[in-house]
Amino acid sequence: MMRDFDLPRRLAAEGFGTLLLVATVVGSGIMAETLTKDVALALLGNTLPTGAILVVLITILGPISGAHFNPAVTLVFALKGELRPPHAAQYVTAQILGGILGAMVAHAMFGLPLLELSAKARTGFPQWFAEFVAAFGLLATIIGGLRFRETAIPWLVGLYITAAYWFTASTSFANPAVAIARSFTDTFSGIRAQDLPGFIVAEVLGVMVAAAFMTWLLRGAETTKEAIR
């Protein structure tokens, strides 16, 4: 269905979707911190809106742009030949700009400075490995969903991220554009700019390994059919 929409509309969908995703992540984090001092409850208040908005955004914008909202996911689809490199570069630009605007929108709604640099440290091997795992699982979910139940992808991704918020040490950013945007908020969901490289490298590695693994895994059915013949 993406072929029914021209590139400007697809880019607008990617930017708009990433904007709303980041506005939800940052805004719900601010609201959670405002309403409770219980960190576990605040994380739950941050988790549920994020998973929910992903279901909505992928459902309504997926038919337009593919609903990547994530440079690492876009990279994989470009390498698979499903997105031309110049278009992929424009997708990534739209995602990053949309994410930063999303942080600004969240700040404006809560009366904070539109942009502020985060001072929240998120670094070290456990955090990087957690991001590798989070990104690996996200890409595996997407590829598996495309193969077996494409109509369920909005729910699959939303539920995966909801779970990964809690089982990963990093709370599952799994998205370079979202990570960059979160460096511009010194609130519950923030991350220091100097910690971004480790996160982004781990996320990219995670999706690349997941793409290779899932490609091998899903070839099993084809190999079996050929052997039966």
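As the structure is a computational prediction, the values presented were derived from the model and not from experiment. (Residues numbered from 1 in each chain as written. Predicted model: local features only at pLDDT ≥ 70, side-chain atom pairs only at ≥ 80, totals over all residues. Heavy atoms only, no water.)

Re unusual backbone geometry
- Here Ala67, not a glycine, exhibits a phi torsion of approximately 55 degrees, which is positive.
- Ala67 gets classed as buried once you look at its relative accessible area, which sits at 9%.
- A positive phi angle is found at Thr171, which is not glycine, with a value near 65 degrees.
- Structurally, Thr171 can be placed in the loop between α6 (153-167) and α7 (176-182). (Buried < 20%, exposed > 50% of the residue type's maximum accessible area, 1.4 Å probe, protein only. Helix = DSSP H or I, 4+ residues; strand = E, 2+ residues; numbered from the N terminus.)

Some details on the packing of aromatic side chains
- Following the criterion strictly, the structure yields 7 aromatic pairs and no others.
- Ring centres 5.0 Å apart and planes at 65 degrees place the aromatic pair Phe173 and Phe199 in the edge-to-face group. Residue Phe173 is located in the loop between α6 and α7, and its partner Phe199 is located in helix α8 (residues 196-228); the two are separated by 26 residues in the primary sequence.
- What makes Phe173 buried here is its relative accessible area of 5%.
- Aromatic side chains Phe213 and Trp216 sit 6.0 Å apart centroid to centroid with 35 degrees between the ring planes, which places their arrangement in the tilted category. Of this pair, Phe213 and Trp216 both sit in helix α8, 3 residues apart, which is roughly one turn of that helix.
- Ring-pair connections join several aromatic residues into one group, and the members of that group are Phe125, Phe129, Phe132, Phe136, Phe213 and Trp216.
- In this structure, Arg182 is placed above the aromatic ring of Phe173, and the distance from its NZ or CZ to the ring centre is 3.6 Å. (Phe/Tyr/Trp six-rings, centres within 6.5 Å; stacked < 30°, edge-to-face > 60°. Lys NZ or Arg CZ within 6 Å of the ring centre and 35° of its normal.)

Structural notes on the packing of helix α1 (residues 7-35) against helix α4 (residues 85-109)
- Running from N to C, α1 and α4 cross one another at 35 degrees; their axes reach a closest spacing of 6 Å. Helix-helix and strand crossings are classified by hand; for α1 and α4 the assignment is right-handed. (Axes fitted to C-alpha atoms, helices over the stretch in contact; angles between N-to-C directions. Left-handed = near helix turned anticlockwise from the far one by under 90°.)

Some details on the side chain of Thr74
- Assignment of secondary structure puts Thr74 in helix α3 (residues 71-79).
- Residues in contact with Thr74, not counting those within four places in the same chain, are His68, Leu83, Ala88, Tyr91, Val92 and Gln95. (Contact = heavy atoms within 4.5 Å.)

Structural notes on the nonpolar core
- Grouped together as the largest cluster of nonpolar side chains are 45 residues, with contacts concentrated most on Leu21, Phe69, Leu138, Leu139, Val157 and Ile161.
- Elements with a minimum of two residues in this core: α1, α2 (39-65), α3, α4, α5 (125-148), α6, α7 and α8.
- Judged by nonpolar contacts, the second largest core, of 7 residues, contains Leu11, Ala78, Tyr91 and Ala94. (Core = buried A, V, L, I, M, F, W, Y, C linked by side-chain atoms within 4.5 Å.)

A look at the environment of Leu21
- Among the secondary structure elements, Leu21 is positioned in helix α1.
- Separated by 140 residues in sequence, Leu21 and Ile161 place their C-alpha atoms 12 Å apart.
- What Leu21 contacts, discounting residues up to four positions off in sequence, is Thr50, Ile53, Leu54, Leu57, Phe69, Asn175 and Val178.

Some remarks on the layout of surface pockets
- What the largest pocket holds in volume is close to 1100 Å³.
- Together, 42 residues line the largest pocket, and Gly62, Gly66, Ala67, His68 and Leu146 are the ones closest to its centre.
- Counting residues per element, the ones that place at least two in the lining of the largest pocket are α1, α2, α3, α5, α6 and α7.
- Among the elements that line the lining of the largest pocket, the one with the most residues is α2, at 6 residues.
- When the residues that make up the lining of the largest pocket are grouped by side-chain class, the tally is 25 nonpolar, 10 polar and 7 charged. (1 Å grid on protein atoms, 1.4 Å probe; cavity = no way out; pocket = protein on both sides within 12 Å on 5 of 7 lines; lining within 4 Å. Points joined across faces, edges and corners; volume = space filled by probe spheres on them. Nonpolar A, V, L, I, M, F, W, Y, C, P; charged D, E, K, R; others polar.)

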